[in-house]
Amino acid sequence: MAAVIGSPVAHSLSPAIHRAAFEAAGVDWTYAALDVAPGMASDALAAMRTLGISGLSVTMPHKEAVADAVDRLDPAARSLHSVNTVSWDGDQLVGSSTDGAGFVASLADADVSVDDAKIAIIGAGGAARSVIDALARAGASDITVLNRTADKTEAAAALTPVASPGIISDVTRADIVVNATSVGMGDDGSLPCDPDLFRAGQVVADLIYHPLETRWMAAASRQGCQTVDGLGMLVHQAALQQKIWLGDDAVIDTAAMRAAAMRSLS
């Protein structure tokens with residue numbers, strides 16, 4: 001059995017995505033959504049030990065608390081002090097972070113390489129930090145962090161030597177532009193930056209997946225940019241969780257996972 005813990009968690013697409021992956025892999029696992037109140041993350045991990053739960057996905061507001069409560073952290077989780085995946089290694093609970101690596105995998109799935117790329121990240125919160133860390137590990141040569149709050153911008157840029165604070169006009173020189181904020185989510189028609197800054201041939205990625213094509217992405221397409229939606233990151237970070245829980249030899253069907261997510265969104 002595996003589960004996602006968060007609060008609130010009823011809206012999570014994780015159960016649909018992971019159940020589809022388990023079914024496609026022919027694995028007899030179940031997956032539940034568990035609403036765990038803020039401040040109770042350590043109790044959830046104690047229950048994991050007691051009940052023998054095989055894996056946990058972790059969402060807000062527990063990512064930092066779980067990082068404090070596990071026995072050991074993988075390199076990305078240690079750098080970010082944030083955990084979205086808990087697994088077993090013998091009798092130890094290991095905290096991992098697959099969010100950023102999932103984003104890089106979603107770019108690769110769209111035939112976008114980040115090696116030696118110049119990248120502009122809009123935002124400096126938890127999602128932006130995970131993406132910055134993963135892009136640096138994947139070989140990006142230059143990462144510019146764009147955010148209204150100076151101290152958060154500097155803290156996010158400090159994650160890697162290839163990152164630095166920038167200004168919004170830096171979007172024009174980037175090979176890849178990423179919106180890692182909530183601007184444009186749901187019925188919010190706001191834009192993370194002026195689409196007139198885009199140029200044909202750029203890659204524009206949005207971490208938002210509801211709506212699947214934001215107004216910002218549609219504007220980027222009209223400017224001749226390649227766009228990558230946020231559902232890819234959600235699916236690929238879950239696929240990496242599956243690998244952690246089931247082993248590297250597990251066959252993970254990301255197409256089935258994405259189809260399950262699309263059905264839930266519709």
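These lines cover the structure that appears in this document, whether it is placed above or below. Treat the numbers as computed from the prediction; the structure is a model and nothing was measured. (Residues numbered from 1 in each chain as written. Predicted model: local features only at pLDDT ≥ 70, side-chain atom pairs only at ≥ 80, totals over all residues. Heavy atoms only, no water.)

1. Digging into unusual backbone geometry
The condition that has to hold: Working definition: helices are DSSP H or I runs of at least four residues, strands are E runs of at least two. Numbering for both runs from the N terminus.
A cis amide bond, omega -5°, links Ser 7 with the succeeding residue Pro 8. With respect to the element layout, Pro 8 can be found in the loop between strand 1 (2–6) and helix 1 (14–25). Here the amide bond leading from Met 60 into Pro 61 is cis, since omega sits at 10°, within 30 degrees of zero. With respect to the secondary-structure elements, Pro 61 resides in the loop between strand 3 (55–58) and helix 3 (63–69). Positive phi outside glycine occurs at His 81, with the angle close to 50°. In this fold, His 81 is placed in the loop between helix 4 (75–80) and strand 5 (85–89).

2. Examining the environment of Ala 256
Formally: Residues count as neighbours in contact if any of their non-hydrogen atoms are within 4.5 Å of one another.
Among the structural elements, Ala 256 can be located in helix 10 (residues 254–265). Along the chain, Ala 256 and Leu 13 lie 243 residues apart, while their C-alpha atoms are 13 Å from each other. Not counting chain neighbours up to four residues away, the residues in contact with Ala 256 comprise Ala 20 and Ala 24.

3. As for the pairing of strand 6 (residues 92–96)
The following threshold applies: Think of it in three bands: residues with accessible area under 20% of the maximum for their type are buried, residues over 50% are exposed, and the middle band is partly exposed, with areas taken using a 1.4 Å probe on protein chains only. Here, a strand pair is defined by DSSP locating no fewer than two bridges between the strands.
Most of strand 6 sits out of view: four of its five residues are buried. In terms of strand pairing, strand 4 (residues 72–73) meets strand 6 through two bridges, oriented parallel. Paired with Leu 73 across the bridge in strand 6 is Gly 95. Where strand 5 lies against strand 6, five bridges are found, and the strand directions are antiparallel. Bridge pairing in strand 6 places Trp 88 opposite Leu 93.

4. As for the pairing of strand 11 (residues 203–206)
Burial along strand 11 is two-sided: the residues Val 203 and Ala 205 and Val 204 and Asp 206 are all buried. Bridge count between strand 10 (residues 176–179) and strand 11: four bridges; the pairing is parallel. Each residue of the ladder has a partner; that of Val 177, found in strand 11, is Val 204.

5. Things to note about the side chain of Thr 98
Worth spelling out the cut-off: Here a polar contact means two N or O atoms within 3.5 Å. Within protein one must be a hydrogen donor candidate and the other an acceptor candidate, and residues neighboring in sequence count only if both atoms are side-chain atoms.
With respect to the helices, strands and loops of the structure, Thr 98 is situated in the loop between strand 6 and helix 5 (99–109). For Thr 98, a relative accessible area of 4% corresponds to the buried category. From its side chain, Thr 98 meets the backbone oxygen of Gln 237 in a polar contact 3.0 Å long. Non-local contacts of Thr 98, meaning those with residues more than four positions away in its chain, are made with Asn 84, Thr 85, Gln 237, Leu 240, Gln 241 and Ile 244.

6. Here we look at the sheet that holds strand 1
Taken in spatial order, the six strands make up an open sheet running 2-1-3-5-6-4, and their pairing is mixed. In the strand order of this sheet, the two ends are held by strand 2 (31–35) and strand 4, each with one partner. Two elements, strand 3 and strand 5, share two bridges in a ladder whose sense is antiparallel. Its bridge partner being in strand 5, Leu 56 is matched across the sheet by Val 86.

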